[in-house]
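Structural overview
Now for the letters of each chain:
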Amino acid sequence: MAVRILHNDYPHRSVALVSPSYTLVFHHSSGNTKTSESKCAVEFSATENVDLADYNVLSNQPCLGCLGIINIGRDTFLCTISLSREVAQVRPGEMVYRILGIEFHCLNRSDYDNFLENEINPYPVESDGWDQGRSQQPIGVEHPCLALKKLLSDGTFYYSGDFDLTSRLQDRSISLDDFDIGSFDPGFMWNSHMIGSLLQFRSHLGDEEKGRLDHAGFLTCVIRGFVESLTIQRPTTRMEGRSRATGLPARLTLISRLSCRRAGTRFNARGIDDDGNVANFVETETVIWNPSSGHPARAVAFSYCQIRGSIPIFWEQQTGILPNQQKIQITRSPEATQPAFDKHIEGVILKYGSAHIVDLLSETKSGEIELSTRYRLHTQHVCGRGNDKTIRDLLRSTEYDFHAQTKGPAGYEAASQIRRIVEDSSDAFGYFLMEGASEGEDDPKGSFVVVLQQEGVFRTNCLDCLDRTNLVQGILSKSAVEAFLQQRAEVVGHDFWMQHSTLWADNGDALSKIYAGTGALKSSFTRTGKMSLAGAFADARKSATRVYINNFADKDRQNTIDVLLGRLVGQEPVSLYDPANDYVTAELNKRSSEFTTELPVHIYAGTFNLNGKTTGIDHDLTEWLRPPFLSDVEKKPELVVVGFQEIVELSPQQIMATDPARRKLWETALLKCLNRDNDDPYILLRGGQLVGAALLIFVRSSVIGEIKNVEGSLKKTGLSGNAGNKGAVAIRMEYASTRLCFVTAHLAAGFSNYDERNKDYATIANGLRFQRGRKIEDHDAVIWLGDFNYRIGLPDEKVRKLVEIGDLQTLYDNDQLQNAMVAGLTFPYYTESRINFDPTYKYDIGSDDYDTSEKRRIPAWCDRILWKGKGLEQLTYGCASTIRFSDHRPVFATFKCTVSVVNDIVQTQRSRELYLKYQAGKKSGGVEVEDSLLDDEEDDLLDFQPLAPGLPPPSSEKQKWWLNNGLPAKSTVAPPQGTVPNPHRPPNPFTETAEPDWVKIDSASIKKPVAPLPPPTRKLPPPYDPSALPTLGGGGTGRHTSNSSVSSSSAGKSSKPPIPQKPSVLRRKSFEGKNHSFDGGAGGIGERDIYPPPPPRRVMTIGMEPPPSVKRKPLPPPGLPPRPSVDLMGGEEPMIGGWEPLKPS
C-alpha cells in the first residue's frame, strides 16, 4: 500500500502519512511553558476527511512503515522506512522484509528537509551547476540522526506487516486474522522506545479504530538479527516421500531474534544484569513449511527453537590490542550473583519449558575456567521464587570443551559428537509440529491442528556466543530436522542439507557482525562441512579486524544503540498530547503515598590508606569496621562501603597495571570481621580497583534483592591521565528507586599541589562515566571517600602544638580542603561533618607519634569523607586511632539514607483504575481534570499565528481574538434609568425564567453622591532656624532641659525624663560658645568632638504638581558656623579662614 509523506509549514508545521484510505497527522508543540518537555499531537482519520490542500510532498521516497518518533537534542524526528527487500516467507501470507533505507523527518522545523540528499546521490552537483548547491548539506554540519540512519540501514533489521515477528511459531496464533501489534514481545522489539508513545495512542482508540489503524499499516515493529528463506524444489528434495506430489515447493526459514534488553557490542555488554537479562541473547528458530505432505490437501509446519546468551553472571572484559590484555573480571561475589542468575533461569524455563545448558568454554584458559566454575556453582544452587528448588529438576548442564574436542585430525567435524551427549534431552524436548488443510499457496486460513509441542530448549554459550555457539547450534538444528523427517518417513537430498548449512553460516555471520563487527569465524566449515586453508586465512583476517573495531569503533556503536533504545541518561520518549494520560499522571502524583514508601537505610563508609602494607590483613579491624555504636540492630548498616588507597606499593612497575590479588586478600579479611557473630551475614556486592585504589561494597544478604543496576567505573589522573597511581574508583547502584554512587579517590600529593588536587577532582567529576553516559552528578546521593591529600596551611611546629593542646578549630580554619570548598574551587555543594579527631597523617609506623623522619611532614587530615544528596544524613564521623600498621589512620562515617520503594503492582493497578474512571467520567461528563493542566497542554499544541494574512490568530480558552491584548469582556449595555440587573435571575442566561432582566430601585434608598473633597494642600517645612533649637543645660546633669515650666499639679511628683535632642552645634571643648556648657563630672557628656548638624531632610517632590493655592518658595541656605582656626584632627597648622559654599559654575 503506497503511503505518501506530506508536510505543511503554515501556520505551524505538520507532517502527514497519507494512504489512499487513512491519514496519520503529526502536530508538534514547542514545549510546555512550565517544563521543557516536547509534545506532539497525533490525528488519525479517513483521508477524505482531512484537508490536504495546503500540504506539499516532503520526500520523494516511499513510506513503507513508521518506526516511531524520537527526540534528538531539541528536535523531534519521525522515522520511516524508505527501502526494503523481501527476504522470507515463513508461511503463505507471512512475508518478512529486510530494512535497507531509513528517513528521519523533523517535526518541529524544516531545516533538515532533504538534508541527507547527498547520501542518496553520492555524486552531488557542483555549486555552479543547475541546483547551485541547494541539495547539499552545509559543509561541516552533520544530520543529528545520521548515526541512527546508518545503524537502522545496515541490513540487520527486519519487519513484517502480516504476523508477529517477535514470537516463535509455537507462541503466536495460527490464524493471521489475530494479528495485533500491541501484543508483540517488547524484549525483541528494537524500536520500542520510538514507537511506545504511538502504541499508547493506539491503545486508547476504540476496537474499530484500532483495526483501521492496523489495516493502514502505519505502525511497524522491527527485530534485529537474521531472517532468510530458501525454496526447496520438489525434484531436488523429494520431501513428498511416498505421497502424491502437488508441485508446490517447500520453504526452509531461519529466524534469529536478538534481544534488546541488554543490547550492545562485544566488550561493552557482557554477562547479566540485575533483572536477569544477558548480553547477546538470541532466539533462533528453524521453520519448515511444506504445503502438501502425505496428502494433496495437507500442509505441515515444523518449528525448532534454540537460544544462546552470555554466561549469566556478572563479569566484564576490557579491550586490548594483545589477546593477553583482554582479561576477564568477575565483578560480584557468588552470593550477590545468585538472585540475578535465578531470575534468568526462571525466565527461560517459564517461556520455553525445560532447559539444557551447553557450555562450550575452554578448560585450559584461566579466564574461561573461572567463568565455567562459577557457572557450575550457580547452576547447582539455582532456586525459583519463594526458594522453590524444584526448578533444578527442569535444568540440565553439559560442559563441552569445544577447542579440546576439535584439536584432533577430525577437526571441527568432531563437534558432531555433541549430538550423542545431549541425545536424551533432544528426544525429550521434541519440536513443534502442526498440520491442516490448505487450499493453495495463498491460503493460510485452513483448519490447522497442533500435533506436537516443543517441551524444552538448549541454551548454548561460549565466551562471545558467536563462532563456537553457531556451529554447535547448526548441528543441533540438523538433528531436530532429521528427527522430524524420520518421524514422517520423508527423505531429502544433499541439496537440502547444503541449503540448511548455508542458512546457518549466513546466520552466524550476521549475528557476529552485530556483536563483534565482523563475520563469524569457522563459517567456511559451517557452509561446506570442511575447513580449508582459505577459510583459515579468512578467520585470521576477521580476528585482526575485530581487534580494530572493538578498540576504536565499538564505543560509538554502543552509544548509537543506547540512543535508539532510549537508554541514555535524561533521554525521554516523545510525549503525545493525551488528556487521559495527563489526568492519570496527575492523579498518580497526588496519590503516590498509596504505592510509595520511604525506608531508612544505614550506610557505613570507611577509608584507609594502607601505605602498601600487608601486615594489617590479620589485624583486628573491629574498632574501624564495627564501632561500639553500631552494635544496635536498628543501626546495623545495610551497606558497608570501604575504600583503600595504596593497597599495593606504588612502584614504577605497578602504576601501569592492576593486580587484584592483594584486593582479594582484603575482601576476605573484611568479610571475616563483618560477619563475626552476625546472624544476617554480609556479602560482597562488587569491588573495583585502579592500581592502588580499591573500592569494596558489602551488603546484608537480607536486602540483596532491593539492589540492582550495579556498575563500576575507573578514572586515571596520574601522569596526565595515563597512569593509575592517582585516580578514582566509583560504583553506582539503585537501592529500590534511589540512585546511589560511591567514589574513592587518591588525589595528587604534596603540600603546595592543592591546585593539582582541585584539577584531579574536576577531572574525575567531569570525566568519570558509567554505562549510557551516566555521571557522578546523575545520582540522588553521592559519597566521596579517600586520601584527598589536602594539607594544613600552618608551620609544622605550630600544627603539632595545636594538636597537642587540642585546638582543632584553628587547624580546621587553615585546612586546604575546607578553604577550597568555601571558595568554590573544589567539591561544590558537598558537605563534611565537623572533624573531632586528630590529623590522620603522617604517623610513624606502629606509634602515635607524627613523622619524626628528616622530612618531618606536617600533620594533616588527608583522609576525608564528603557527601551530598537529598535524603542523606550523616550520623557519625570518627577515626580508629589504635590501628597503627600504616602511616595513616583509618576514618569512618555513618549515614542514614531515606530511599523510596515503589510497589509496581499497586502503581499499575491504580493507573488502570484511574484510566477507567476517566473513560467512564468522559462519557457521563462527571470527571474533573486539572483545568490548568489541560489548558496548558492545549495552548502548547496551538500555534497562535493567523491562518492567513489579514485574519486574527485562533482562539483558545485563554486567548480570544475579539479581545484586545487579552482583556476580559466588557459589557456596553447601560441599564435603564432607575433600574439594576435582577439578582434573582439564574446565572445561565439561556435558562427559561419569568424573572425580568431589570428591577427598579427605591429612590429613598439611593444614596446621594457625595461631592469629592478638595485635594489637601501640602505644607512645606519651615526654613532652618538654629535659634529655635533647645540649648544644652548645665548644673552638672549634662542633659538637655525643657524651657517650659513644670505645672504645680506635678510638683510633688517626679517629672518624666526629658526627651534627648541633638545640640544645634557641636564643638571641641576648646571652642568658646555662650550657649554651650560642658562638665566632666558624673552624668556629664565629657570631652568629645562636636560637629555641625546635618542640613534638614528635603521632601522629594519630583514628578508631583503642587496645589494651586500653595506657592513654592525657595529655601534659604542654612547658616553655617564659623570655620575653626585649628585643625579638627588636633593639628597646629591653621586652616582655611572660613566656610565657602559650593556654587554651580
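Going by the structure above, here's the rest.
Owing to the predicted nature of the structure, the values given are computational and were not obtained by experimental measurement.

**Section: the packing of helix 6 (residues 334-352) against helix 7 (residues 366-380)**
- Packing of helix 6 against helix 7 leaves a shortest axis separation of 10 Å and a crossing angle of 65°. The element helix 6 and its partner helix 7 pack so that their crossing is right-handed. Two secondary-structure elements touch here, helix 6 through Pro334, Thr337, Gln338 and Phe341 and helix 7 through Arg374, Tyr375, Leu377, His378 and Thr379.
- Considered class by class, the residues forming the contact of helix 6 with helix 7 number four nonpolar, four polar and one charged.

**Topic: the sheet that holds strand 27 (residues 723-735)**
- With mixed pairing, the five strands of this open sheet are ordered in space as 26-27-28-29-30. Every other strand in the sheet has two partners, leaving strand 26 (707-718) and strand 30 (863-869) as the edge strands with one partner each. Each strand axis lies, on average, 15° off the axis of its neighbour in the sheet, ignoring direction.
- Bridge count between strand 27 and strand 28 (residues 738-746): nine bridges; the pairing is antiparallel. Looking at strand 28, one finds that methionine 733 is bridged to leucine 740.
- Sheet contacts for helix 19 (residues 754-767): strand 26, strand 27, strand 28 and strand 29 (781-787); angle to strand 26, the most-contacted strand, approximately 140°.

**Observations concerning the nonpolar core**
- Counting residues in each nonpolar core, the largest one holds 55 residues, and the members touching the most others are Val96, Tyr158, Phe302, Phe484 and Phe496.
- For this core, the elements supplying multiple residues, two or more each, are strand 7 (75-89), strand 10 (222-232), strand 11 (250-258), strand 12 (282-290), strand 13 (298-308), strand 18 (432-437), helix 11 (467-487) and helix 12 (494-515).
- It is helix 11 that provides the largest number of residues to this core, a total of eight residues.
- For valine 96, the residues in contact, after removing those within four places along its chain, are Arg85, Glu86, Val87, Ala88, Val90, Tyr158, Tyr159, Ser160, Phe163, Leu165 and Val227.
- In terms of nonpolar packing, the next biggest core, distinct from the first, is built from 54 residues, Ala693, Val710, Phe742 and Trp861 among them.

**Observations regarding the pattern of salt bridges**
- Across all of its chains, the model carries 46 salt bridges by this definition.
- Glutamate 490 serves as the salt-bridge partner of arginine 488, at 3.9 Å between the closest nitrogen and oxygen.
- In this structure glutamate 490 comes out as buried when scored by relative accessible area, which is 9%.
- Residue aspartate 796 is joined to arginine 800 by a salt bridge in which the shortest nitrogen-to-oxygen separation is 2.8 Å. Pair noted here: aspartate 796 and arginine 800 are both in helix 20 (residues 796-805), with a separation of four residues, about one helical turn. Just as aspartate 796 is buried, arginine 800 falls in that class too.
- One continuous salt-bridge network, built from bridges that share partners, spans Asp185, Arg257, Glu283, Glu285 and Lys351.

**Re the side chain of histidine 28**
- Note on placement: histidine 28 falls in strand 3 (residues 22-29).
- Within polar-contact distance, the side chain of histidine 28 engages the side chain of threonine 76 at 3.2 Å.

**A look at the environment of arginine 85**
- Considering the arrangement of structural elements, one finds arginine 85 in strand 7.
- Excluding residues within four positions of it along the chain, arginine 85 makes contact with Val96, Tyr97, Arg98 and Leu100.

**A few points about the sheet that holds strand 25 (residues 693-700)**
- Across the sheet, which stays open at both edges, the six strands sit in the order 24-25-23-22-32-31 with mixed pairing between neighbours. Every interior strand has two partners, whereas the edge strands, strand 24 (682-690) and strand 31 (872-879), have only one. Averaged over all adjacent pairs, the angle separating strand axes in this sheet is 20°, with direction ignored.

Here is what the cut-offs are and how they apply
Residues numbered from 1 in each chain as written. Predicted model: local features only at pLDDT ≥ 70, side-chain atom pairs only at ≥ 80, totals over all residues. Heavy atoms only, no water. Axes fitted to C-alpha atoms, helices over the stretch in contact; angles between N-to-C directions. Helix = DSSP H or I, 4+ residues; strand = E, 2+ residues; numbered from the N terminus. Left-handed = near helix turned anticlockwise from the far one by under 90°. Contact = heavy atoms within 4.5 Å. Nonpolar A, V, L, I, M, F, W, Y, C, P; charged D, E, K, R; others polar. Pairing = 2+ DSSP bridges. Core = buried A, V, L, I, M, F, W, Y, C linked by side-chain atoms within 4.5 Å. Buried < 20%, exposed > 50% of the residue type's maximum accessible area, 1.4 Å probe, protein only. Salt bridge = Lys/Arg side-chain N within 4 Å of Asp/Glu carboxyl O. Polar contact = N/O pair within 3.5 Å; in protein donor to acceptor, adjacent residues only side chain to side chain.

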